[in-house]
Amino acid sequence: HLKPITDICISPDGALCGTVADDRTLKVFDIVGYDLMVFLPLSFTPQCAEWIFKTTHSQAKIAIADKDSGDVTVFDAKGNGEALHVCKHHKKRVNCMKYVQKLDLVVSGDDSGLIEYWCALTYKFPNDRVSFQLKLETDLFELARRKIPIQTLAVSPNGASFAVISIDRRIRVFKLRTGKLRRTYDESLEMASQVQTSDNLAQKLEDIDFGRRLMIEKQMDKDKIAHTSVLFDESGEFLVYTTHLGIKIVHIMSNKVVRILGKIENTERFHRLALYQGAPRAPTGARILAQDVESYQRDPVFLCCAYKKQRMYMFTRREPDDTGDESLGRDVFNEKPSAEEMIAVTPSAQRGDSAKEIILHTTAGDITVTLHRNECPKTVENFTVHCRNGYYDNVIFHRVIKGFMIQTGDPLGDGTGGTSVWGTEFEDEFDSSLRHDRPYVVSMANSGPNSNGSQFFITTVSTPWLDKKHTVFGVVSKGTQVVDQIEGVETDEQDKPTMDIKILNTTVVM
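Residues numbered from 1 in each chain as written. Predicted model: local features only at pLDDT ≥ 70, side-chain atom pairs only at ≥ 80, totals over all residues. Heavy atoms only, no water.

Points about the sheet that holds strand β17 (residues 238-242)
Reading across from one edge, β16-β17-β18-β19 is the order of the 4 strands in this open sheet, with antiparallel pairing throughout. Each end of this open sheet is capped by a strand with a single partner; those strands are β16 (230-232) and β19 (256-261). Within this sheet the neighbouring strands show an average axis-to-axis angle of 20°, counted without direction. (Pairing = 2+ DSSP bridges. Helix = DSSP H or I, 4+ residues; strand = E, 2+ residues; numbered from the N terminus. Axes fitted to C-alpha atoms, helices over the stretch in contact; angles between N-to-C directions.)

Concerning the sheet that holds strand β3 (residues 25-30)
With antiparallel pairing, 4 strands are arranged side by side in an open sheet as β1-β2-β3-β4. Edge positions in the sheet fall to β1 (5-10) and β4 (35-41), since each of these pairs with one other strand and no more. Taking the axes of each pair of neighbouring strands and ignoring which way they run, one obtains an average angle of 15° across the sheet.

Observations regarding the packing of helix α2 (residues 189-196) against helix α3 (residues 207-222)
Remark: α2 packs on α3, axes separated minimally by 12 Å, with the N-to-C direction vectors making an angle of 175°. The angle between α2 and α3 places the two elements in the roughly antiparallel class. For the pair α2 and α3, the contacting residues are L189, A192, S193 and Q196 in the first and D207, F210, L214, E217, K218 and D221 in the second. A class-by-class count of the residues in the contact of α2 with α3 yields 4 nonpolar, 2 polar and 4 charged. (Parallel < 35°, antiparallel > 145°, perpendicular 65-115°, else oblique. Contact = heavy atoms within 4.5 Å. Nonpolar A, V, L, I, M, F, W, Y, C, P; charged D, E, K, R; others polar.)

Here we look at the pattern of salt bridges
Per the counting criterion, the structure on display carries 19 salt bridges. For the salt bridge of D209 with R212, the shortest nitrogen-to-oxygen distance reads 3.5 Å. You can see D209 and its partner R212 sitting in helix α3, 3 residues apart, about one turn around the helix. R212 carries the same exposure label as D209, and that label is buried. The closest approach of N and O atoms between R213 and D209, which form a salt bridge, is 3.2 Å. Remark: D209 and R213 occur in helix α3; sequence separation between them is 4 residues, near one turn of the helix. Across the pair, exposure class does not vary: R213 and D209 are buried alike. In the salt-bridge network here, residues are joined through shared partners; they are E142, R146, D168, R170, R172 and D186. (Salt bridge = Lys/Arg side-chain N within 4 Å of Asp/Glu carboxyl O. Buried < 20%, exposed > 50% of the residue type's maximum accessible area, 1.4 Å probe, protein only.)

Considerations on the pairing of β19
One ladder, built from 5 bridges, connects strand β18 (residues 247-251) with β19; its direction is antiparallel. Note on β19: the bridge partner recorded for V250 is V257.

Overview of helix α5 (residues 377-388)
Counted at 1.5 Å a residue, the expected span for α5 with its 12 residues is 16 Å, and the 16 Å between its end C-alpha atoms agrees. Counting buried positions along α5 yields 9 of 12 residues, so the element is predominantly enclosed. Following α5 by one or two positions, G390 has its phi on the positive side, about 75°. (Expected span 1.5 Å × (residues − 1).)

Focus: α2
Looking only at α2, the buried set comprises L189, A192, V195 and Q196. Down the axis of α2, the sector holding all buried residues measures 115°, keeping them to one side. Buried residues along α2 sit in contact with α3. (Arc of directions from axis to C-beta.)

What about the packing of aromatic side chains?
The final tally for this structure, using the stated rule, is 16 aromatic pairs. Ring plane angle 80° and centroid distance 5.3 Å describe the contact between F270 and F315, whose orientation is recorded as edge-to-face. Of the two residues, F270 sits in strand β20 (residues 270-276) while F315 sits in strand β22 (residues 312-315), which places them 45 residues apart along the sequence. Of the two residues, F270 and F315, both sit in the buried class. Each residue in the set Y117, F125, F132, F162 and F174 is aromatic and connected to the rest through ring pairs, giving one cluster. (Phe/Tyr/Trp six-rings, centres within 6.5 Å; stacked < 30°, edge-to-face > 60°.)

In structure tokens form, the structure reads like this:
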């Protein structure tokens, strides 16, 4: 795809993978053969997609929702590319669809909060498969009455229930056949704040950690990223979803949180969740030794992504294999992305990628930096993309000299690390109008001419001797008192603060 992928879906038989993107294309891959099978140009921009056929059907039908209307168009992935049908059940954009193979019906939700059922074969309301005729007999109008857009939904494997996530941060569980509301789980920021002040120790955090996580949640709101992903386990009795605390596992019948995964991983905000509950298969005809029995037992595995992280994370009962060879080992907890990985996720160099302002959310308070993007386009682009990618998240101020400056931007925290978004050092950008002639000037740290990477500093006094040696690319427009506070902290003999002061995360203002 030439533009961001908006959705990915796997066929009921596990043989096909469909992807749709903003480039107005559908691509279908053969999972077993790992080959591209179908490339289909679309006449509309897709929002989401879902396979809607039984394994016994001859047609491999896929439904694709239009981002700019409520239409859902159905195609045969093995056909000639012509649309089989256009469903008009929704008036607003459809954000999510799930196919229930057991009942051969589709559940879909849109921006108005409307939930619709429709048959995958006739595209009409499935009267013979549900126990109601009118929605007034159900709770399916609850979100539509409140005009709360639906973000995503999940259906239990047994087809008994489905869960809906909306922008009010509540997870609602419905009985599929009756449309009745079964449970509601409130994960709103207001409820999180109440829990934080309660006696529920299992869901409480340290105040500083809670404040940081709350800030990330608000940033996700600004970035319009779905806060939560949800799924059922294979029994349909447990609901699993992501929150600011980590991954919650809830037993629906008893209405109890039985476990929270990843709560101690306070640098990641997990989302985009998947679950594998199968057992590894032994090679055909192979003898399983006693010591290998554990390797072939069932081991539920959660896979997920994290906000502003270029990795996937796995939760399992197993410990990583210890090879005994340090050269083969990987520091999975602290490893930074390689230069190649960073380049792969870095947007191409365009003036539109440069921010107007960056807000540094630190443990001491917020510092707003106004950037000189016209005078220093490459430096500002480097700084903007690093902030957008979360490169500076949890990075400390490693050097503080009273009456001079405060310095940060090194992921290693000792002044020896950090690289540019291109993976190499880049040149200085000097402008006669930009000088170190006042306090609160933001400038690049370097080890000599044209050796800029990721480290930068903020002056606290006029420092004219740095002119033409360090690139001035910004100025503190708000939060000067925070800079003064950091400048005044106690430091050791190496000018490193005795207590860590961190950049928690950043906000990019375009």
